[in-house]
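Single-letter residue listing:
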Amino acid sequence: MPERSASPENEFFHVLKTQQFDRSLLDGLCELTTTVRRYAKHREGLHFLRGLLSEKRAMLYFTQPSTRTFLSFNNACQILGIQTSEIRDSATSSEVKGESLLDSLRTFSSYVDVVIMRTKEEGLAESAAELFDRIHRRVPIVNAGSGKDQHPTQALLDIYTLERSFMHRGGIDGKVIGMMGDLKRGRTVRSLSYLMKNYRDVKLVFISPPAFRMEEDIKAHLREHGVTFTETEDMEAALPSLDAIYITRIQDEHDVSGESSKVDLSRFKFRVEHLAKLKEDGVIMHPLPRRDEIHPDVDNDPRAKYWRQERNGMWMRVAILTKIFGVDRYLQQGSLLD
Ligand code: NCD
């Protein structure tokens with residue numbers, strides 16, 4: 001098989017923030033994710049996937065809590081035959097000896113072929129990418145969540161879930177998408193909002209208490225790109241107009257002095273009685289983990305897509321890794337497809 005390296009000529013190298021994706025990349029990634037899923041339905045297909053990147057090694061550097069993103073990346077690596085190393089607590093790394101984060105990251109680049117990282121520091125993935133672009137061993141960086149700022153691979157799996165959910169209704173174009181919860185500090189809704197300029201006539205409805213409104217930088221970006229949005233505190237009134245509602249948890253880990261507990265959140269919880277207000281083909285999403293913002297009884301409704309969304313994350317991350325290493329081209333039209 002020809003060269004399988006992540007090369008600087010590869011347009012798809014670091015994955016840092018969602019502003020880097022245009023419509024053709026998004027459509028291509030969604031198609032690739034579906035192709036990967038079809039391969040994974042057969043033993044032979046799984047065997048083929050496992051050989052695709054079996055000479056590669058990945059570093060999973062996750063110093064913020066993570067269940068889904070860590071496990072889905074780890075499993076995506078396993079599916080492709082990539083070996084993984086991990087650090088999940090900075091207390092176990094040389095940071096405690098006073099090593100700078102950038103020096104630690106540079107060290108990972110000496111041993112592995114891709115660094116997948118989640119940290120509380122905003123912009124660290126970008127600084128690491130700038131550093132890696134200058135040093136001898138140029139290794140791709142994947143941002144798996146950077147503080148309150150961005151979570152690009154989550155946004156990609158969210159796009160895939162939305163596109164699949166609207167598959168028979170013209171995709172995301174023209175849809176009304178509600179985002180509810182902590183829009184101020186939720187990196188998932190921020191990253192997803194940046195992607196909306198790629199879709200025609202999408203309308204966003206931001207539903208949150210005043211304390212957790214979407215930040216001005218995102219709103220300015222939406223205005224600049226002609227994406228319509230409204231803001232409300234009234235979920236019940238907004239529900240009938242929505243094609244999808246993307247619900248998020250309150251990000252109280254970012255509280256300075258317990259300010260979240262002073263906010264009345266009672267109107268921002270989705271209960272079984274709200275299902276009647278949502279369109280028959282409406283979509284309910286959540287990046288998870290949830291607390292009480294979606295009642296577990298809602299899970300039984302076919303419009304609840306969050307568990308499927310979670311699984312889509314693993315397939316989308318397989319697709320992303322194949323694209324980073326340029327092996328996606330071997331997957332386009334395989335004979336193993338059903
Ligand atoms: C999200 C995150 O970490 O930003 N979780 C995830 O990756 N699926 C959302 C959250 O923690 O609320």
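Up top you'll find the structure we're talking about.
Residues numbered from 1 in each chain as written. Predicted model: local features only at pLDDT ≥ 70, side-chain atom pairs only at ≥ 80, totals over all residues. Heavy atoms only, no water.

The local shell around the ligand consists of T69, R118, H151, Q154, R187, T188, R249, Q251, P287, L288 and P289. One of the side-chain nitrogen or oxygen atoms of T69 is found 2.9 Å away from an oxygen atom of the ligand. Within the backbone of L288, an N or O atom sits 3.0 Å from a nitrogen atom of the ligand. Considering the ligand on its own, with 320 Å² of exposed area, one finds that the protein chains cover 93% of that surface. Class assignment of the residues belonging to the shell around the ligand gives a composition of three nonpolar, five polar and three charged. (Near = heavy atom within 4 Å. Polar contact = N/O pair within 3.5 Å; in protein donor to acceptor, adjacent residues only side chain to side chain. Areas by Shrake-Rupley, 256 points an atom, 1.4 Å probe, with all protein chains shown as cover. Nonpolar A, V, L, I, M, F, W, Y, C, P; charged D, E, K, R; others polar.)

Turning to helix 2 (residues 43–52), a few remarks are in order. The set of residues buried in helix 2 consists of G45, L49 and L52. What you see down the axis of helix 2 is that its buried residues fit within an arc of 50 degrees, all on one side. Opposite its buried face, helix 2 presents the exposed residues R43 and H47, each directed more than 90 degrees away. Residues of helix 2 that are buried in the fold lie against helix 1 (23–39), helix 3 (68–79) and helix 10 (306–324). (Buried < 20%, exposed > 50% of the residue type's maximum accessible area, 1.4 Å probe, protein only. Helix = DSSP H or I, 4+ residues; strand = E, 2+ residues; numbered from the N terminus. Arc of directions from axis to C-beta. Contact = heavy atoms within 4.5 Å.)

If you walk across this open sheet you meet the four strands as 2-1-3-4, and the pairing is parallel. Of all the strands in the sheet, the pair left with one neighbour each is strand 2 (83–87) and strand 4 (141–146). Here the strands of the sheet are splayed against their neighbours by 15 degrees on average, with no regard to which way each runs. Two elements, strand 3 (residues 114–119) and strand 4, share four bridges in a ladder whose sense is parallel. Within the sheet, the bridge partner assigned to T119 lies in strand 4 and is S146. With respect to the sheet, helix 4 (residues 101–111) is in contact with strand 1 (57–62), strand 2 and strand 3, its orientation differing from that of strand 1 by roughly 160 degrees. (Pairing = 2+ DSSP bridges. Axes fitted to C-alpha atoms, helices over the stretch in contact; angles between N-to-C directions.)

Glancing now at the pattern of salt bridges. If you walk through the whole model with that rule in mind, you get 29 salt bridges. Here R169 makes a salt bridge to D281, at a shortest N to O gap of 3.2 Å. Placement of the pair is R169 in the loop between helix 6 (152–165) and strand 5 (176–180) and D281 in the loop between strand 8 (244–247) and strand 9 (283–285), with a sequence separation of 112 residues. Judged by its relative accessible area of 39%, D281 is partly exposed. (Salt bridge = Lys/Arg side-chain N within 4 Å of Asp/Glu carboxyl O.)

Let us look at the sheet that holds strand 5. Taken in spatial order, the five strands line up as 7-6-5-8-9 in an open sheet, and their pairing is parallel. Each end of this open sheet is capped by a strand with a single partner; those strands are strand 7 (228–232) and strand 9. Direction aside, the axes of adjacent strands within the sheet are offset by 20 degrees on average. Of the pairings in the sheet, the one linking strand 5 to strand 6 (residues 203–207) comprises five bridges and is parallel in character. When the sheet's bridge partners are listed, V176 is paired in strand 6 with K203. In the packing of helix 8 (residues 216–224) onto the sheet, contacts are made with strand 6 and strand 7, and the angle to strand 7 comes to roughly 145 degrees.

All quantities given are derived from atomic positions and should not be read as evidence of function.
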